[in-house]
2 protein chains.
Amino acid sequence: MSLHYPNGKKYIPTRENKTISSTARNMSYSNRGMILEDDLNETNQYYLQHGIAVIYKKPTPVQIVHVDYPQRSSAVIKEAYFKQPSTTDYNGVYQGKYIDFEAKETKNKTSFPLKNFHAHQMEHMKQVIKQDGICFVIVRFVMLEEIYLLEGKHVIAFWERMQMGGRKSIKKTEIETLGHLIPIGFHPRLDYLKIVKQKLFA
Amino acid sequence: MSLHYPNGKKYIPTRENKTISSTARNMSYSNRGMILEDDLNETNQYYLQHGIAVIYKKPTPVQIVHVDYPQRSSAVIKEAYFKQPSTTDYNGVYQGKYIDFEAKETKNKTSFPLKNFHAHQMEHMKQVIKQDGICFVIVRFVMLEEIYLLEGKHVIAFWERMQMGGRKSIKKTEIETLGHLIPIGFHPRLDYLKIVKQKLFA
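Since we're looking at a predicted model, the values are computed, not measured.

Analysis parameters
- Residues numbered from 1 in each chain as written.
- Chains lettered and ligands numbered in written order.
- Predicted model: local features only at pLDDT ≥ 70, side-chain atom pairs only at ≥ 80, totals over all residues.
- Heavy atoms only, no water.
- Helix = DSSP H or I, 4+ residues; strand = E, 2+ residues; numbered from the N terminus.
- Buried < 20%, exposed > 50% of the residue type's maximum accessible area, 1.4 Å probe, protein only.
- Areas by Shrake-Rupley, 256 points an atom, 1.4 Å probe, with all protein chains shown as cover.
- Pairing = 2+ DSSP bridges.
- Axes fitted to C-alpha atoms, helices over the stretch in contact; angles between N-to-C directions.
- Phe/Tyr/Trp six-rings, centres within 6.5 Å; stacked < 30°, edge-to-face > 60°.
- Lys NZ or Arg CZ within 6 Å of the ring centre and 35° of its normal.
- UniProt positions renumbered as here; feature names shortened; annotations may be inferred.
- Contact = heavy atoms within 4.5 Å.
- Polar contact = N/O pair within 3.5 Å; in protein donor to acceptor, adjacent residues only side chain to side chain.
- Expected span 1.5 Å × (residues − 1).

**Student:** Is there a simple way to think about the overall build of chain A in this case?
**Tutor:** Broken down by element type, chain A carries seven helices and 12 strands. For chain A, buried positions account for 55% of its 202 residues. On chain A, roughly 9,400 Å² of surface is accessible, and the fraction owed to carbon and sulfur atoms is 51%.

As structure tokens, then:
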């Protein structure tokens, strides 16, 4: 059994949710599906603790419908629904610059399907770029254990190619050419800001 | 009946939640308590639509424990809890600059109680300032219909005064002296970025 948002998007519980969720624990999902998020959380923690950057994953947007209040000290949400996010998942500040990105995984080996994004996110990335924010996606090829940083402007261009009737994915070779491989390290695990500084800072 | 977080903080439903929540609708809370959030949402929408800035309120952090999946198309969260946010509520980008703020209201007429903040938020503001982000709080004096922008560095100083044994609030006269009155307008309702540009941009 797998969970889907009303839009058909899969609900993948985070490690944090998983620890106390017997329901989530029993759901069938790829453990590997959480690695990128975990690695990014660890990396962002590292950045925070070392005063390098302040970057957080945004909370999952939830529409709260019913709240119970059984005891003085605790409120329990009894009915709520997942909402489609209007933005990307991660943002924050690094050396005065606004950083904004989305992280996605694919089991595909030769391309990255654009259905992993939705139109709102493209619109958001355009708006961020217009405000001189630094905007990108981090794409993990699960089977190849390769992780790339691809600037938002390229993602938008591929999205628009699709809308013009072109292919529904970004070829891996295109990502290799236009993007930047993020080496997998120990601590931090994914030092993406090193790439940001080297390649994206004007 | 009012809702409290485990830490004793009040749960104030947003207008959005309210519209479909009969539970929330019946709770006793001040309608006026939502005006600041609504005004800021309207203002941020205005900024977005006019290409002025990209600033969002972060979703309320929720710890999801149990999810039901009655139909193929919908997941229902059946048990979840409010989590204490580790950051401020609003962030985004304005002319390349990282913007980060918290919005709070008080019914007090002569001072702003510091219990409206928690230690995590002070720590967050310090980290944002260290990264050259623009960080402030927006304080609304409900009874006086006056709204001020006060830079994070001042809020931190008042918090530290309290920790040294000093007063547990910021005097309104202190806010008047160090902060900046935000005029209430029509569209946008609270043009706080005008203040940011005039007073906070280096």
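**Student:** Mind showing me how you'd approach the sheet that holds strand S5 (residues 74-82) of chain B here?
**Tutor:** The strands that make up a sheet pair up through hydrogen bonds in the backbone, lying either parallel or antiparallel. Read from one edge of the open sheet, four strands run S4(A)-S5(A)-S5(B)-S4(B), paired in antiparallel fashion. Edge positions in the open sheet fall to strand S4 (62-71) of chain A together with strand S4 (62-71) of chain B, since each of these has one partner strand only. Ignoring which end each strand starts from, the neighbouring axes of this sheet average 25° apart. Two strands pair when backbone bridges link them, and S4(A) and strand S5 (residues 74-82) of chain A are joined in this way by seven bridges, in the antiparallel orientation. Counterpart to A:Asp68 in the pairing with S5(A) is A:Val76.

**Student:** Which parts of the structure should I look at to understand the packing of aromatic side chains?
**Tutor:** How two aromatic rings sit relative to each other is given by the distance of their centres and the angle of their planes. Counted under the stated rule, the structure contains 19 aromatic pairs over all chains. Judged by centre distance (6.1 Å) and plane angle (55°), the ring pair of B:Phe136 and B:Tyr192 falls under tilted. With a gap of 56 residues between them, B:Phe136 in strand S9 (residues 134-141) and B:Tyr192 in helix H7 (residues 192-200) connect regions that are remote in the sequence. For B:Phe136, a relative accessible area of 0% gives the class buried. Taken together, the ring pairs in this structure connect A:Tyr46, A:Tyr47, A:Tyr90, A:Phe101, A:Phe136 and A:Tyr192 into an aromatic cluster. Across from the ring centre of A:Phe201, 5.2 Å away, lies the NZ or CZ of A:Lys97, which sits over that ring.

**Student:** What should I look at first to understand the UniProt feature "binding site: Mg(2+)" (unreviewed entry) in chain A in this one?
**Tutor:** Taken from the UniProt record, the annotation "binding site: Mg(2+)" (unreviewed entry) applies to A:Thr87, A:Asp89, A:Glu102 and A:Gln121. These annotated residues cover 35 residues of sequence, but their C-alpha atoms sit close together, with the largest distance between any two at 9.5 Å. Structurally, A:Thr87 is set in the loop between S5 and strand S6 (90-94). Beyond its immediate stretch of four places on either side in the chain, A:Thr87 contacts A:Lys58, A:Glu102, A:Gln121, A:His124 and B:Tyr56. Here A:Glu102 is to be found in strand S7 (residues 97-106). Among the polar contacts listed, one links the side chain of A:Glu102 to the side chain of A:Lys104, at a separation of 3.5 Å.

**Student:** For this particular structure, what's the right way to read the environment of B:Asp132?
**Tutor:** Tracing the sequence through the fold places B:Asp132 in the loop between helix H4 (119-130) and S9. For the pair B:Asp132 and B:Tyr98, spaced 34 residues apart in the sequence, the C-alpha separation amounts to 8.1 Å.

**Student:** What am I meant to see in the pairing of S9(B) here?
**Tutor:** One face of the sheet, then the other: side chains in a regular strand alternate in exactly this way. Residues and elements named next belong to chain B. For S9, a buried count of eight out of eight residues is recorded, marking the element as mostly surrounded by other parts of the structure. Every second residue of S9 is oriented toward a common face, with Ile134, Phe136, Ile138 and Arg140 on one face and Cys135, Val137, Val139 and Phe141 on the other, all of them buried. With eight bridges joining them, strand S7 (residues 97-106) and S9 adopt parallel strand pairing. Along S9, the bridge assignment pairs lysine 104 with valine 139. By the bridge criterion, six bridges tie S9 to strand S10 (residues 146-151) in an arrangement that is antiparallel. Residue pairing for S10: arginine 140 is matched across the bridge by isoleucine 147. Counting the residues that bridge the hairpin from S9 to S10 gives four residues, and of these glutamate 145 lies at a positive phi of roughly 55°.

**Student:** Would you mind showing me how to read helix H3 (residues 35-49) of chain A here?
**Tutor:** Given 3.6 residues per helical turn, the α-helix brings residues three or four places apart onto the same face. All names here are of chain A. In this model H3 runs 21 Å from its N-terminal to its C-terminal C-alpha over 15 residues, within 8% of the 21 Å that 1.5 Å per residue would give. When H3 is considered as a whole, its buried residues turn out to be Leu36, Asp38, Asp39, Leu40, Glu42, Thr43, Asn44, Tyr46, Tyr47 and Leu48. Phi for glycine 51, located one or two positions after H3, is positive at around 65°.

**Student:** Please clarify how the environment of B:Lys109 should be interpreted in this entry.
**Tutor:** Of note, B:Lys109 is situated in the loop between S7 and strand S8 (111-113). When the C-alpha atoms of B:Lys109 and B:Lys171 are compared, they prove to be 9.5 Å apart, with 62 residues separating the residues in sequence.

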